[in-house]
Amino acid sequence: MDLTQGTAVEKNRRAKKMMLWFGIVSLIMGFAGWTSAYIVSSKRDDWISDLELPQAFFISTAIIILSSITYFIAQKAVEKNNQKLGTILLFVTLFFGISFIVLQFMGFSQMLEHGYYFTGPTSSIKMSYVFLIAAVHIVHVVAGLISLLVVLVQQLRGKYSPENMLGLELGATFWHFLDFLWVYLILFMYFVK
């Protein structure tokens, strides 16, 4: 396929999708580095192998999966020109996204209550990694929420239609990536002792 061919609109769509995927790949590389360091560090003598992840992390996992489902259905609704359903589901996705972050902070509180700290004399390298990985993911979810708010405002303005879905598609792709990334991270932290 010759990427220089096509109308200006088609080239613009391809360029924006390509830039999103470059960003996603760079995020994957960053998280791959942190999870690799986690594995290497697990050989240390001071590694905590019996850590129980907070219950709030597992509840937040279900919430972010639900948010991905609602975003997907919202996108399909707009593709079928059901704007009202699409808008409602985008608001539901926003609610789930905010709930995910709240639950993550509840998870941090649960870890602190059990005496696990990010730094200091009572911290451990494993806890530092758990806090770091979860916190960096939260930062990216905040970016996803900003993207979702932009999509929601554009939806309320009537920008999206079955013929014009680019912004909605880009936002949904990024959101689904964040969902899959968290599912990977929680499974990774659960199984890599």
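Anyway, here's the lowdown on the structure attached to this text. These numbers come from a predicted model, not from an experiment.

## What about the overall build of the chain?
When helices and strands are counted, the chain shows five helices and zero strands. Taken from the N to the C terminus, the helices and strands of the chain come in the order α-α-α-α-α. Its C-alpha atoms give the chain principal-axis dimensions of roughly 60 × 40 × 25 Å. Across the 193 residues of the chain, 44% fall into the buried class. A separation of at least 24 residues holds for 81% of the contacts in the chain among residues at least 6 apart in sequence. For the chain, the exposed area adds up to about 10400 Å²; of that, 69% sits on carbon and sulfur atoms.

## Overview of the environment of Asp 179
With respect to the helices, strands and loops of the structure, Asp 179 is situated in helix H5 (residues 166–191). Among the residues examined, Asp 179 registers a relative accessible area of 5% and is labelled buried. Sequence separation between Asp 179 and Ile 63 is 116 residues; the distance between their C-alpha atoms is 9.5 Å. Filtering out sequence-adjacent residues up to four positions away, Asp 179 remains in contact with Ile 64, Ile 65 and Ser 68. Of the polar contacts made by the side chain of Asp 179, one reaches the side chain of Ser 68; its length is 3.0 Å.

## Overview of the side chain of Gln 155
Residue position: Gln 155 is located in helix H4 (residues 125–156). On the basis of relative accessibility, which here comes to 4%, the residue Gln 155 falls in the buried class. The contacts of Gln 155, once residues within four sequence positions are left out, are Val 78, Gln 83, Thr 87, Leu 90 and Tyr 160.

## Side note on the packing of aromatic side chains
For any pair of aromatic rings, the description consists of the separation of the ring centres together with the inter-plane angle of the planes. Here the structure, examined in full by the defined rule, presents 15 aromatic pairs. Look at Tyr 38 and Trp 47: their rings are 5.0 Å apart centre to centre, the planes differ by 90°, and that puts the pair in the edge-to-face class. Across the pair, Trp 47 and Tyr 38 agree in class, each one buried. Clustering of aromatic rings is evident, with ring pairs tying together Phe 57, Phe 100, Phe 105, Phe 108, Phe 131 and Trp 182. Lying across the ring of Tyr 190, Lys 193 places its NZ or CZ 5.0 Å from the centre.

About the criteria used
- Residues numbered from 1 in each chain as written.
- Predicted model: local features only at pLDDT ≥ 70, side-chain atom pairs only at ≥ 80, totals over all residues.
- Heavy atoms only, no water.
- Helix = DSSP H or I, 4+ residues; strand = E, 2+ residues; numbered from the N terminus.
- Buried < 20%, exposed > 50% of the residue type's maximum accessible area, 1.4 Å probe, protein only.
- Contact = heavy atoms within 4.5 Å.
- Areas by Shrake-Rupley, 256 points an atom, 1.4 Å probe, with all protein chains shown as cover.
- Polar contact = N/O pair within 3.5 Å; in protein donor to acceptor, adjacent residues only side chain to side chain.
- Phe/Tyr/Trp six-rings, centres within 6.5 Å; stacked < 30°, edge-to-face > 60°.
- Lys NZ or Arg CZ within 6 Å of the ring centre and 35° of its normal.

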